[in-house]
Amino acid sequence: HLSLGAGFNHLLNESVLLEVGSNITFRDFSRQLFSSPEWNLGAGLQLYLSPEGRKNKKSVVPALSRGSWMVGISGASLTYRKFNDGMSFDLNLLPTVGYFVTDRWMVGLSLQSSYTRARANSDLPLEFMRDYSRWGLGMDVLTRYYVGSSEKRLRPFALAQVGFHRDAFQYYQGTQPRVDSDANTRLITTRAGFGANLFLSSHVALEASLAYSLLNERVLDPDRTTFTVNRIGLNVGFQFFLGGAKE
């Protein structure tokens, strides 16, 4: 495939950049490279460590204090694909924000939103799905409590999270009547565990957490099917903290 794109960065502070970019991708379907372009628009946060920051890692003081903010974006993207036999469109936005009520205790919210649309051309056989739409919306309430010395780069924490998410979909197949939002799912998640942030600068930290999750999923079809799932998961990534570090 061939991909071309452009974007820009905006420095939020000395360590965190907001990045926005778009690109067009051509994939070789049936040796017709330019027949099915894929358009993408995305946004996220990038880590920037200055030469001075890399030289003075031992002097890093984490920006964990009352009034600071923790922010993150698990995903922010928009994709449009055009095929010979149809199209698809995807939109995802997964932001998280938290506020430090005290120097150790953080409370926050995480929003989960997504939308998918796919449509096939009318010249396909009737047994093919012609039109499909799916949308989801959810919100998690989360909290963390940090322990250890406020001057240390390694800051352990305990975490808890409760969330509600709902998906609904609608589709049309040539041989069947349209199926709409009577077919959807409801998901309630409870999560608890522990983790740690290793601060690379005052505002950017490497994060690892281990948590137990209890998921209760109910498919709101005529049978009202319910599933309960237990999970233990390890998550690794970066976390961004906006606010002044302690002097």
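Just above sits the structure.
1. Quick notes on the pattern of salt bridges
(1) Moving on: Counted by the stated rule, this structure contains two salt bridges.
(2) Moving on: Here Asp167 makes a salt bridge to Arg134, at a shortest N to O gap of 2.7 Å. Taken together, the residues span a long stretch of sequence, with Asp167 in strand E8 (residues 154-173) and Arg134 in strand E7 (residues 129-146) at a distance of 33 residues.
(3) Moving on: In this structure, Glu207 and Arg144 form a salt bridge, with 2.7 Å as the shortest nitrogen-oxygen distance. Of the two residues, Glu207 is situated in strand E10 (residues 204-219) and Arg144 in strand E7; the sequence distance between them amounts to 63 residues.

2. Quick look at the packing of aromatic side chains
(1) Moving on: Counting across every chain of the model gives six aromatic pairs.
(2) Moving on: Judged by centre distance (5.1 Å) and plane angle (40 degrees), the ring pair of Phe199 and Phe241 falls under tilted. Here Phe199, found in strand E9 (residues 184-199), pairs with Phe241, found in strand E11 (residues 225-242); they are 42 residues apart in sequence, far enough to count as distant. The burial state of Phe199 is the same as that of Phe241; both residues are buried.
(3) Moving on: Through successive ring pairs, a cluster of aromatic residues spans Phe100, Tyr146, Phe157, Phe199 and Phe241.

3. Considerations on the nonpolar core
(1) Moving on: In this structure, Leu64, Met70, Phe100, Met106, Tyr146, Phe199 and Phe241 are the most contacted members of the largest nonpolar core, which totals 14 residues.
(2) Moving on: Counting residues per element, the ones that place at least two in this core are E7, E8 and E10.
(3) Moving on: Those residues in contact with Tyr146 that sit more than four places away from it in its chain are Leu64, Phe100, Arg104, Arg155, Pro156, Phe157, Asn197 and Phe241.

Thresholds applied
- Residues numbered from 1 in each chain as written.
- Predicted model: local features only at pLDDT ≥ 70, side-chain atom pairs only at ≥ 80, totals over all residues.
- Heavy atoms only, no water.
- Salt bridge = Lys/Arg side-chain N within 4 Å of Asp/Glu carboxyl O.
- Helix = DSSP H or I, 4+ residues; strand = E, 2+ residues; numbered from the N terminus.
- Phe/Tyr/Trp six-rings, centres within 6.5 Å; stacked < 30°, edge-to-face > 60°.
- Buried < 20%, exposed > 50% of the residue type's maximum accessible area, 1.4 Å probe, protein only.
- Core = buried A, V, L, I, M, F, W, Y, C linked by side-chain atoms within 4.5 Å.
- Contact = heavy atoms within 4.5 Å.

Note that every value here comes from positions in space, so none of it alone points to a role or purpose.
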